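# Structural features, examined
The chain contents come next:
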Amino acid sequence: MTVTKADVPVTTASNEPAGESEPVGSARSERLSALIQQHGALAVLVIVSLVASFSFDSFATGDNVGNMATSSAFLAIVALGMTFVIITGGIDLSVGSLFALGGVLAAWGSRHGTLVALLLPLLVCGLIGVVNGLLVAKSRLAPFIVTLAAMLGARGLLLAITDEGADTFLIGKGSFLAELGQGTTLGLGNPVWITLVLFVAGAVVLRRTRFGQHVYAVGGNEDAAALMGAPVARTKILVYTLSGLLAGLAGALNAAWLASGVTILGNGMELEAISAVVIGGTLLTGGLGYVSGSLVGVLLLKVIQNVINQIGSLDSSYQQVVSGAFLAVVVIAQTWLGRRRQLM
């Protein structure tokens, strides 16, 4: 068969069907929405930091940046565990009490050596995380109720150990545990380096391992994940265990930084961690989230708090007002972006 020029279809801009350009525009809009959802907090962090640097002479100093980084490290470790939990569609309200309990256990255990001081909070807080996971996964109880009970139980255990807060356990100066919390390496506090290592490991686990795929699958659609053979119950148990372990570790490092186990710490920390994770782009409904975004969310909250402190005329209560308002805006934006992506 001979093919002539008339037989070959010619495509030009004028005869292209009008509907073919719409998928391209939809794809671009979807990519833009995803980009805003993933990196919007980072853009806000950069803008707020630049404005604060030009507005306050002491904001961008080495001491202030170092203090912000170190104080952010403990919340960031807790938020890392919370990220895994929220991606599965769960919630963990016990992390604030576990943080305080971990600090007290580390200070108490420091009398028996650094190894005991580090292992004891990990063991106890990790065990509480296991119980949370078992009740959520096996008994199918609501995560909100289970972790709320764990929050109260951990706080009660804390008060029992410290005789209703009357006893404060100290960490000896010069010990390895104290150096771990108070020492610096290359100008940054050791807790900051530990946090960075944990976040790199968390990102690798979440993005490059089968367990990470299961975490996303369970959060996206639990029934579909089960039909595909994903170990739904085991995944839930592991994420709550991880959350408990990281909360206990953060408490131990904070105790090492303060050289004592302070019983009043951790109140409201679970809400700060949830706020940081959601601000970082993780959906409260599960199935979508970023470890790097949670770190950015923590830094953004700390920068906002520091800016309010720099102003001087505002008291600390405004930190919660600003953080709450910012969280509300982020949740509304996430909901709008999510619906828009579903319609594309």
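Up top is the structure.
The notes below deal with the structure included here. Since the model is a prediction, treat every value here as computed from it, not as a measurement.

## Observations regarding the packing of aromatic side chains
In the structure shown here, the tally under the stated rule is two aromatic pairs. Aromatic side chains Phe-84 and Phe-211 sit 6.3 Å apart centroid to centroid with 15° between the ring planes, which places their arrangement in the stacked category. Of this pair, Phe-84 sits in helix α2 (residues 62-87) while Phe-211 sits in helix α8 (residues 210-220), and the two are 127 residues apart along the sequence.

## Looking at unusual backbone geometry
A positive phi is found at Asp-163, a non-glycine position, where the angle reads about 55°. Within the secondary structure layout, Asp-163 lies in the loop between α5 (143-161) and α6 (176-182). Although it is not a glycine, Ala-259 sits at a positive phi angle of roughly 65°. Looking at the element boundaries, Ala-259 is found in the loop between α10 (232-258) and α11 (269-279).

## Some points on the pattern of salt bridges
A side chain with one charge may pair with a side chain of the opposite charge, provided their charged atoms come close. Scanning the entire structure with this criterion turns up two salt bridges. Across the salt bridge formed by Glu-222 and Arg-140, the nearest N and O atoms sit 3.7 Å from each other. Highlighted residues: Glu-222 in helix α9 (residues 222-227) and Arg-140 in the loop between α4 (114-137) and α5, separated in sequence by 82 residues. For Glu-222, a relative accessible area of 26% puts it in the partly exposed group. A network of salt bridges, in which partner residues are shared, links Arg-140, Glu-222 and Lys-236.

## What about the environment of Thr-88?
On the secondary structure map, Thr-88 appears in the loop between α2 and α3 (95-109). A relative accessible area of 8% places Thr-88 in the buried class. Spatially, the C-alpha atoms of Thr-88 and Gly-220 are 7.4 Å apart, while their sequence positions differ by 132 residues. Beyond its immediate chain neighbours, meaning those up to four positions away, Thr-88 contacts Val-215, Val-218, Gly-219 and Val-239.

## Overview of the packing of α8 against α10
Taken N-terminus to C-terminus, the directions of α8 and α10 make an angle of 105°; their axes are 10 Å apart at the nearest point. Between α8 and α10, the angle falls in the class roughly perpendicular. The segment α8 lies against α10, with Phe-211, His-214, Val-215 and Val-218 engaging Val-232, Thr-235, Lys-236, Leu-238 and Val-239.

## Re the nonpolar core
One finds Val-78, Met-82, Phe-84, Leu-98, Leu-101, Leu-206 and Ile-274 to be the most contacted residues of the largest nonpolar core, which totals 70 residues. The element contributing the most residues to this core is α2, with 13 residues. Val-78 has contacts with Val-95, Phe-99, Ala-247, Ala-250, Met-269 and Ala-273, leaving out every residue within four places of it along the chain.

## A short note on a nonpolar patch on the surface
On the surface, a nonpolar cluster with roughly 420 Å² of combined accessible area is contributed by Leu-42, Val-46, Leu-50 and Phe-54. With respect to the element layout, Phe-54 can be found in helix α1 (residues 21-55). Assessed through its relative accessible area of 73%, Phe-54 is described here as exposed.

## Quick notes on α2
Compared with an ideal rise of 1.5 Å per residue, which puts 26 residues at 38 Å, α2 spans 35 Å between its outermost C-alpha atoms and is within 8% of the ideal. The largest bend in α2 comes to about 35°, at Ala-73. Within α2, 21 of the 26 residues are buried, which leaves it mostly tucked inside the rest of the structure. Positioned one or two residues after α2, Gly-89 has a phi angle of 90°, which is positive.

Calculation notes
Residues numbered from 1 in each chain as written. Predicted model: local features only at pLDDT ≥ 70, side-chain atom pairs only at ≥ 80, totals over all residues. Heavy atoms only, no water. Phe/Tyr/Trp six-rings, centres within 6.5 Å; stacked < 30°, edge-to-face > 60°. Helix = DSSP H or I, 4+ residues; strand = E, 2+ residues; numbered from the N terminus. Salt bridge = Lys/Arg side-chain N within 4 Å of Asp/Glu carboxyl O. Buried < 20%, exposed > 50% of the residue type's maximum accessible area, 1.4 Å probe, protein only. Contact = heavy atoms within 4.5 Å. Axes fitted to C-alpha atoms, helices over the stretch in contact; angles between N-to-C directions. Parallel < 35°, antiparallel > 145°, perpendicular 65-115°, else oblique. Core = buried A, V, L, I, M, F, W, Y, C linked by side-chain atoms within 4.5 Å. Patch = residues over 30% accessible without salt bridge, like charges linked within 9 Å, V, L, I, M, F, W, Y side chains within 5 Å. Areas by Shrake-Rupley, 256 points an atom, 1.4 Å probe, with all protein chains shown as cover. Expected span 1.5 Å × (residues − 1). Bend = angle between axes of the 7 residues up to and from the residue.

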